[in-house]
Amino acid sequence: MPSDPDAESPVCRARGVAKTYPGGVRALEPFDGDFHAGRISALIGPNASGKTTLLRVLAGVAQPSAGEVQLLGVARPARARGGERRALRERTAYVAQDPALDPEMTGAELLALVATLHGARAAARGAAVERVARAFGLEGHLRQLVRAYSGGLRRRLHLAIGLVHDPEVLFLDEPAAGLDAEGRDFLWRELEGRAQRGGAVVVVSHDLARVERCADFAVVLDRGRSVAAGTPREIVDEHARGALALHAHAPLEDELALRQRLERVPGVRSVEVAGSRVMLEGSPDPADVLPELAAMRIELVDVHRDTADLCDAYRRLTGRDPERLGAAAGRGRSPQGAGGGQSPQAAGGGRSPGEGRSPGEGRSPGEGRR
Amino acid sequence: MSRSFPVALAVCRRTWVKTLRRPVVLSFSFVQPVMWMLFFGFLFQRYPLVDLPPGTSYLDFLAPGVCAMTVLFGASQSGISWIRDLQTAFLGRMLQTPAGHRSILAGKVAADVLRLLAQALVVLSIAALLGARVRFAPLEALAALACLALFGTAFSCLSCTIALRARAQEAMAVFVHVVNMPILFTSTALVPKKQMPDWLAAISAWNPLTLTVDAWRGALLFGSAPSLGGQVLPLALLGLLFFPLAAAAMRSAARSE
C-alpha cells in the first residue's frame, strides 16, 4: 500500500505553511512537519487553535498563504489540476467535520454513488460499500433513508463515505465528534488497521486518551502555533509533570518543615503551599506522601491526583482543560483537575468539579441502536 | 469519456430516484398543463384560426404548445435541487471526488430532460384524451422531440446557473416568473404568429420557445420535420452556450463553500 519505496520519506510534508484568512485573521503560524505512511498522526489543541486549517492545508483542500506543502510527491496539492488532481483525489481523502449527506437517499445509494464518482466499477462497488459499512457498523441501516438516521449514524455514514474509495492517505477532522463509545471503537479500529496496512492517517482529535494510546505522532497546536510535536510519549515526557493536590483540614502552619519533608519524597519536583492547600508537582506515589503528612499530624479532607499523561501535557502547553473523553474509556482520572493550568489559582482548585467533562460524553445513548 | 459516462449515469439515476420518491411533486407537474388546456382550450374554442388545415380546433393547435410549455416550466425548476445540495453540503462532497463537475452536471441535466420529455408525452396523451387530434409521423416526431430535448437542456442549464449563483430558493421563484412568463407570452405556444401584432410576431421569431413549439407543432399537426438551420441548430447553440455557464457556476459554488 505505501506508494513510496522509501518508508522514511513522508507522505505529506509541510514547510513554513501559514494561513491568513481574508480580513487578516491569522489562523496558522508557519508550521513545519512530516507525516508518514503507516502512522496515525494526531493534531490536538483547543478550539480555534488552527487544527482544521492545518488539516485542510495538508490535505490540499486549502491553499496556504505561505510555505509549501507536498502531498504524495505533488507540490502545491491545492493547486493541482487535471490528472494530477484526479490521482490525488483517488489516493487521499479529506473528511470534514460536518456530515455532508443527502437526506433523501439511502445509505447504500449514497455509498454507491460516491464510490462511482471515485471511479469504482460496478463489480468493485458492492465490495467497497460492504467493507466500509461493516467497518462502521452500518449493515443494518443501509436501506433506510438518511433522513431517518440518528445523528450518530449520520456521522458513521459520513465517515464510511469518506473511506469508500480506500484512500492511502486519510485526513479526518474530529471524526469522533458525536459518536458513541461503539462508534469511536469502530473508528479507531479502522484507523489503526489502515495505519498497520501502510496507510497514512492524519486526524484532528479531542480524544487525548485515544491519541496517547493509538497515535504514533502528535502535534499540539495553540492559537495557531505548534507548541509541541513528537510521539505522544515524547510530548508527555517533555511537558507533562503530573501533580498531587492535597487539601488539609486546617491552614498549614509549619510551612518550611512541611516543604522540606515533601521535597524528599521520590517523584516530587516542587512543592507549593498556600493556606490549607499543598501542590506537589510531579508524579509521587500517594502512598509515600500520606505518611509524611500523618507524621506531621496534618489531617486531609481531599486528595487529587493528576497523572503525567497527554492530558496533563496538553493542559500545561495550552493552559486549557482537555475534554474528558478519556474518562469514558475507563481511565481513572480525578474529577477535579487539581494540577491543571499553570496559574496558581487554578492549582488552588479554581475549577468547579466536573468542569472538564466532555460535552460529547453520554450524548445520544441510543444512537448505536437500530 | 470512459470515466465520465458512469459518473453521469450514476448522477442521472440519483436524480430519477429522488424524483420518483416524491410522487406528489411529480404528479403536480401535470396539473398545470392540464389546467392550461382546459382553461385556454375552452376559452378560445371558437377563436378563428387562420392558415391551418380546415377542421383544426384550437385544442389541436394548443396541445403541442402546452407540451413545450411543460418542458419550459420543468426545465426552469431544474436548478432547485442544487440549492438543496448546497445546503446539505452534498454538492461539495460530490465535487471533492475525482469525478469531473461537467460529468456530474451532464448527468443531472440529462435526467431532468429525459423526465421532461416523458412528461411532455404524457401531456400529449392527456390532450388526445381531451379531444386534441394528433398526426402520427414517427420520424418527424422523433426529430421534433430532439428539438424539445435541446430546448430543455438549454433551459435546465440556465436554471442551474441561476440556482448555483443565487444559492437561494427565493431567487428561483422570481426566476421562474420573470423569465418564463415573458417567454411564454411572446411565443407561438398559445397564439399563431399570423394572428399576433407585428411587433410581437417580430419578437416571437427570436424566442427559443417559438422555435421549439413550431418544430413540435409542425410534426404533430402537419407531419413535417423540423428545419435544421431554423430550429435544430439555434436550439443546439443555445444548449452549447448555457452548459459551460452552468459548469462554471458549479465550480465556483464548490470553491466558495
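All values reported here derive from a predicted model rather than from experimental measurement.

(A) The overall build of chain A, seen in detail. When helices and strands are counted, chain A shows 13 helices and 14 strands. When each of the 370 residues of chain A is scored for burial, the buried share is 47%. Across chain A, every contact between residues at least 6 apart in sequence was considered, and the portion connecting residues at least 24 apart equals 70%.

(B) The arrangement of the packing of helix 6 (residues 101-130) of chain B against helix 7 (residues 138-166) of chain B in detail. All names here are of chain B. Helix 7 packs onto helix 6 with a crossing angle of 130° between their chain directions and a minimal axis gap of 9 Å. Looking at the two axes, helix 6 sits oblique to helix 7. For the element pair helix 6 and helix 7, the recorded crossing hand is right-handed. Touching Leu 105, Val 109, Asp 112, Val 113, Leu 116, Leu 117 and Ala 120 of helix 6 are Leu 145, Leu 148, Ala 149, Gly 152, Thr 153, Ser 156, Cys 157 and Cys 160, all from helix 7.

(C) Highlighting the interface of chain B and chain A. Each partner contributes residues to the interface: chain B has 18 residues there, and chain A has 18 residues. Those elements giving two or more residues to the side of chain B that touches chain A turn out to be helix 1 (4-20) and helix 5 (90-95) of chain B. Examining the composition of the side of chain B that touches chain A, we find that six residues originate from one element, helix 1 of chain B, more than from any other. Looking at the side of chain B that touches chain A residue by residue, the class counts come to nine nonpolar, four polar and five charged.

(D) Inspection of the sheet that holds strand 12 (residues 268-274) of chain A at higher detail. Residues and elements named next belong to chain A. Strands sit in the order 12-13-11-14 across an open sheet of four strands; the sheet is antiparallel. This sheet does not close on itself; its edge strands, each paired only once, are strand 12 and strand 14 (300-306). This sheet shows a mean twist of 15° between the axes of neighbouring strands, independent of strand direction. For strand 11 (residues 243-248) and strand 14, the ladder comprises six bridges, and the chain directions are antiparallel. In the sheet register, Ala 248 faces strand 14, and the bridge partner there is Leu 300.

Rules of the game
- Every residue gets a number counted from 1 within its own chain, in the order that chain's sequence is written.
- Chains and ligands are labelled by the order in which they are written, letters from A for the one and numbers from 1 for the other.
- Given that the model is predicted, a residue must reach a pLDDT of at least 70 before its local features are reported, and side-chain atom pairs must reach 80 or more before they are shown or counted; all residues, however, enter totals for whole chains, interfaces and linings.
- Numbering goes from the N terminus for both helices and strands, where a helix is a DSSP run of H or I of at least four residues and a strand is a run of E of at least two.
- To assign burial, the other C-beta atoms lying within 10 Å of each residue's own C-beta are counted, with C-beta atoms placed from the backbone; 20 or more indicates buried, 12 or fewer indicates exposed, and intermediate counts indicate partly exposed.
- Throughout, a residue-residue contact means that the two C-beta atoms, derived from backbone geometry, are no farther apart than 7 Å.
- Orientation is described by axes fitted as lines to C-alpha atoms, over the contacting stretch for helices, and by angles from 0 to 180 degrees between their N-to-C directions.
- Relative orientations are named as follows: roughly parallel for angles under 35 degrees, roughly antiparallel for angles over 145 degrees, roughly perpendicular for angles from 65 to 115 degrees, and oblique for any other angle.
- Crossings are classed by handedness, with left-handed meaning an anticlockwise turn of the near helix from the far one by less than a right angle and right-handed meaning a clockwise turn.
- Classification convention: Asp, Glu, Lys, Arg as charged; Ala, Val, Leu, Ile, Met, Phe, Trp, Tyr, Cys, Pro as nonpolar; all other residues, Gly among them, as polar.
- For two strands to be treated as a pair, DSSP must find at least two bridges joining them.

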